[in-house]
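Coordinate inspection notes
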2 protein chains.
Amino acid sequence: MKPNGSRLRLLALVVAAGLAAGAQAVAQTDPLSSWNDGAAKKAIVEFVQSTTTQGGPQFVPPGERIATFDQDGTLWVEQPVYSQIMYCLDRVPAVVKAKPELAEVEPFKTVMSGNREAIAKLSMKDLEKILVATLTGMPTEEFRAEAKKWLDTARDPRWKRPYTELTYQPMQEVMKYMRANGYKTYIVTGGGQDFVRVYAEEVYGIPPEQVVGTAGGTKYGYDKAGKPFLLKEPRLLLNDDKAGKPEGIHLMIGRRPRAAFGNSAGDKEMLEYTKAGDGARLAMLVLHDDATREYAYGPAKGLRASKIGTFPQSLFDQAGKQGWVVISMKNDWKQVFSFEK
Amino acid sequence: MKPNGSRLRLLALVVAAGLAAGAQAVAQTDPLSSWNDGAAKKAIVEFVQSTTTQGGPQFVPPGERIATFDQDGTLWVEQPVYSQIMYCLDRVPAVVKAKPELAEVEPFKTVMSGNREAIAKLSMKDLEKILVATLTGMPTEEFRAEAKKWLDTARDPRWKRPYTELTYQPMQEVMKYMRANGYKTYIVTGGGQDFVRVYAEEVYGIPPEQVVGTAGGTKYGYDKAGKPFLLKEPRLLLNDDKAGKPEGIHLMIGRRPRAAFGNSAGDKEMLEYTKAGDGARLAMLVLHDDATREYAYGPAKGLRASKIGTFPQSLFDQAGKQGWVVISMKNDWKQVFSFEK
């Protein structure tokens, strides 16, 4: 039996050595390879390591590992116009076709004119009318199919690519890295919950149930064949922006996040709420300061003002005071998009 | 090298045999051991097996494996009064202490009198006033702490046990069995979402984010020290009962369940919605026909009528027509509670 026993031990050693080599290979692959070394990358790695070190002072049990990410401007491009607004504008002709009386009614008349300058000047109230007309009044499954069709064919005006390709590679890496360490990643967006859920799984690896967004009510009913369906109603349940973000997090998740990522004044309350919890908490803000590779707007640090993705100096100051980490797109990101390779 | 090679093959065979023996041992342990053999148990096992057999005609990808469970009367005892109502009644003295002017105002005066007969006669409108007074107006974390304290000390009048021990062992087994097969289990309850989230993880292994319930709004604000908190408001966002169940499922989960379990007319729409999806779907109803071990009420099959957990004959008939499976507590459950052992 002895030679056999020693062979088994030898085999065990070989297997163990193989496993160790494998582990080393994994450790050598940087999960945040699109990030330059710096304070932002360091903050992410240190947070994940300290909260997942069993027995460490900052250890967080797996169930409590919740990380929330704003979408527009944090996970993907939000300039010059939110892609969901583009969807709604593109849907107007179909709405007018179904209800021809709208062709002569504002704001539909302006949208149908195709006059870009006039469309850009539409008021918030006009925009709301367009959102209601294009996002409600149909069964949830019909909406889903329409949105999917648009996402497959629409192209961003600058990069001439599907909007879903305009996600930030470094943020995709953060989400993957956190998930690999037991974090449940959520999108918490001012955008429409139903809209983002159409593509979040394919684009970010985030399932529908982990998308929290601005949400309207639905109404349960039956079609002529007696088959039940949910009709999207023009009734706002959750305005998932500013204070609505922690309120939405409580409603949909029921736990305070351990980490939160944003890029604008709309994320202020989510970051405050996250940081106000006990133990280790991470709050980060993406600063768009890279006019060459993406956009530069703020106006923190003297960048140009923008109606979309406001990042006022006051938010920058609050970040400094409350220990939030600002990510400089220009300096912290080695690569912005996956298609740059 | 040859002897060595054959030793390795031998070792591989030994390892494989060990694994096979392990698998067999697992297969021999019945995951539904509190169930008697019958149509109900068979329906559950066949559904899980067919939807998890890779390459099979009814295979469901892991991400789409969503199972929803009503709570009161489906996962735990709902008679003679929902435990959350007991919580609200028990909280009235504290509310009156904080606002002494309520002592002479109905329905608080009746509750403070301790007259059980009079309390049992309170109208739905009175009950609503009590719910608003005891479930809203405080920070979410204060509510959580109060509810937890009550759950630790309150006892059910019949079994003299914490309410959290009155869960049905067979249903606990179904949830574990489904989770072991890649199903995400959700509670979808007419009860308060915040209330059920306090204990769902400990009692059912269901984390807060997988509890969908009747939900009110919260309001984000800051305390005197500038620390943010969420105040529970008397503003109904979701009445998670009847048609509100599929509406709540769409809002909070965003996918149609593959399996749904209920016990009353309040679950009708959830079961219809679940069964209306394509592919394999499972819909089940618990019928309380066991007056000895639990309660018998319905009034399907001639059981006594009850204000709580209505199971009219029409629901029984619909189950038959639409292929829902009725679980007879008396005949299908070998054991009702874990403490019976």
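Calculation rules
Residues numbered from 1 in each chain as written. Chains lettered and ligands numbered in written order. Predicted model: local features only at pLDDT ≥ 70, side-chain atom pairs only at ≥ 80, totals over all residues. Heavy atoms only, no water. Buried < 20%, exposed > 50% of the residue type's maximum accessible area, 1.4 Å probe, protein only. Helix = DSSP H or I, 4+ residues; strand = E, 2+ residues; numbered from the N terminus. Pairing = 2+ DSSP bridges. Axes fitted to C-alpha atoms, helices over the stretch in contact; angles between N-to-C directions. Contact = heavy atoms within 4.5 Å. Parallel < 35°, antiparallel > 145°, perpendicular 65-115°, else oblique. Nonpolar A, V, L, I, M, F, W, Y, C, P; charged D, E, K, R; others polar. Buried area = accessible area lost by both parts, 1.4 Å probe. Salt bridge = Lys/Arg side-chain N within 4 Å of Asp/Glu carboxyl O. Polar contact = N/O pair within 3.5 Å; in protein donor to acceptor, adjacent residues only side chain to side chain. Least-squares fit on C-alpha atoms with pLDDT ≥ 70 in both. Arc of directions from axis to C-beta. Phe/Tyr/Trp six-rings, centres within 6.5 Å; stacked < 30°, edge-to-face > 60°. pLDDT = per-residue confidence, 0-100.

The next point concerns the pairing of strand β2 (residues 184-192) of chain B. Residues and elements named next belong to chain B. Here β2 lies mainly inside the structure; eight of its nine residues are buried. Inspection of the sheet shows strand β1 (residues 66-69) paired to β2 by four bridges, in the parallel sense. Of the residues in β2, the one forming a bridge with T68 is Y186. Direction of pairing for β2 relative to strand β3 (residues 211-222): parallel, over a ladder of four bridges. Across the sheet, residue G192 finds its bridge partner in β3, namely T214.

Along the chain, K41(A) falls in helix α2 (residues 39-52). On the basis of relative accessibility, which here comes to 9%, the residue K41(A) falls in the buried class.

Residues and elements named next belong to chain B. Read across the open sheet, the seven strands follow the order β4-β3-β2-β1-β5-β6-β7; overall the sheet is mixed. With partners counted over all chains shown, the strands left at the sheet margins are β4 (228-238) and β7 (325-328), one partner each. When strand polarity is set aside, the average angle formed by the axes of neighbouring strands in this sheet is 35°. In the sheet, β3 pairs with β4 via seven bridges, with the strands oriented antiparallel. Residue pairing across strands places Y220 opposite L230, the latter belonging to β4. Its contacts with the sheet place helix α8 (residues 169-180) against β1, β2, β5 (259-262) and β6 (282-287), and it is angled at close to 165° to β1.

This brings us to the packing of helix α11 (residues 268-275) of chain A against helix α12 (residues 313-322) of chain A. Residue and element names in this part refer to chain A. Between α11 and α12, the least distance of the axes is 12 Å, while the angle of their chain directions is 5°. On the basis of the axis angle, α11 is roughly parallel to α12. Together, K268, E272 and K275 of α11 and L315, Q318 and Q322 of α12 make up the contact between the two elements. Its residues assigned to classes, the contact of α11 with α12 shows one nonpolar, two polar and three charged.

Turning our attention to the interface of chain B and chain A. Taken together, the 41 residues of chain B in the interface contact 41 residues of chain A. Each partner contributes to the roughly 3600 Å² buried at the junction of chain B and chain A, and carbon and sulfur atoms together form 53% of this total. Counting the surface chain B buries against chain A, the share from its top three residues, E209(B), Y220(B) and L251(B), is 18%. In this structure, the connection of chain B to chain A is made through eight salt bridges. Residues E141(A) and R256(B) are paired through a salt bridge, measuring 2.7 Å at the closest nitrogen-oxygen approach. Put simply, chain B and chain A have 26 residue pairs in polar contact (both at pLDDT 80 or more) between them. Those elements that place two or more of their residues in the side of chain B that touches chain A are α1 (2-28), α7 (140-153), β2, α9 (193-204), β3, β4, α10 (244-252) and α11 (268-275) of chain B. Taken together, the residues that form the side of chain B that touches chain A break down as 19 nonpolar, seven polar and 15 charged.

Laying chain B over chain A is done by rotating through 180° and shifting 0.0 Å along the axis; what remains is an RMSD of 0.0 Å. Read as a symmetry element, the transformation amounts to a two-fold axis. When you check the interface residues of chain B against chain A, 100% turn up at the interface there too, and the contact is symmetric in its surfaces.

Residue and element names in this part refer to chain B. Those residues of helix α12 (residues 313-322) not exposed but buried are L315, Q318 and A319. Seen along its axis, α12 keeps its buried residues to an arc of 105°; they face one direction. Set apart from the buried face of α12 by more than 90 degrees, the exposed residues are G320 and K321. Residues of α12 that are buried make contact with α11, β6 and β7. Positive phi appears at G323, one or two residues downstream of α12, with a value of about 75°.

On to the side chain of E173(B), then. Residues and elements named next belong to chain B. Inspection of the secondary structure puts E173 in helix α8. Among the polar contacts listed, one links the side chain of E173 to the side chain of S34, at a separation of 2.6 Å. In this structure, E173 is in contact with P31, L32, S33, S34 and W35, ignoring residues within four places of it in sequence.

Hydrogen bonds along the backbone pair up the strands of a sheet, which may run parallel or antiparallel. Residues and elements named next belong to chain A. The sheet built from seven strands is open, its strands ordered β4-β3-β2-β1-β5-β6-β7 with mixed pairing. Because the sheet does not close on itself, it has two edges, and the strands there are β4 (228-238) and β7 (325-328). Each strand of the sheet is rotated relative to its neighbour by a mean of 35°, with strand direction disregarded.

This paragraph deals with the packing of helix α9 (residues 193-204) of chain A against α10(B). What describes two packed helices is the angle between their axes and the distance between those same axes. For the pair α9(A) and α10(B), the least separation of the axes is 10 Å and the interaxial angle reads 60°. Between α9(A) and α10(B), the crossing angle belongs to the class labelled oblique. Residues Q193(A), D194(A) and R197(A) of α9(A) form the contact with α10(B), whose participating residues are H250(B), L251(B) and M252(B). For the contact of α9(A) with α10(B), the residue count by class is two nonpolar, two polar and two charged.

Attention now goes to the pairing of strand β3 (residues 211-222) of chain A. The element β3(A) is largely enclosed, with a buried count of nine among its twelve residues. Between β3(A) and β4(A), which pair antiparallel in sequence order, lie five residues; one of them, G226(A), sits at a positive phi of approximately 85°.

A few words now on the packing of aromatic side chains. Residue and element names in this part refer to chain A. Enumeration over the complete set of coordinates arrives at 34 aromatic pairs over all chains. Where W159 meets Y295, the ring centres are 6.1 Å apart and the plane angle is 90°; that geometry is what we call edge-to-face. Here the residue W159 occupies a position in the loop between α7 (140-153) and α8 (169-180), and Y295 occupies one in the loop between β6 (282-287) and α12, the gap between them amounting to 136 residues. Taking the relative accessible area as the measure of exposure, Y295 reaches 14% and is therefore buried.

Under the counting rule described, the total for this entry stands at 42 salt bridges over all chains. Across the salt bridge formed by D267(B) and K245(B), the nearest N and O atoms sit 2.8 Å from each other. Of the two residues, D267(B) sits in the loop between β5 and α11 while K245(B) sits in helix α10, which places them 22 residues apart along the sequence. Residue classification places D267(B) among the buried positions, given a relative accessible area of 1%. Each of K184(A), R255(A), E201(B) and E209(B) takes part in one network of salt bridges that share partners.

Residues and elements named next belong to chain A. Per-residue pLDDT for chain A averages 92, and the proportion of residues at 70 or more is 91%. Taken together, the stretch residues 13-26 has pLDDT below 50 and engages in zero contacts with residues farther than four places along the chain or on a different chain. For this predicted complex, the interface confidence comes out at an ipTM of 0.91, alongside a pTM of 0.91.

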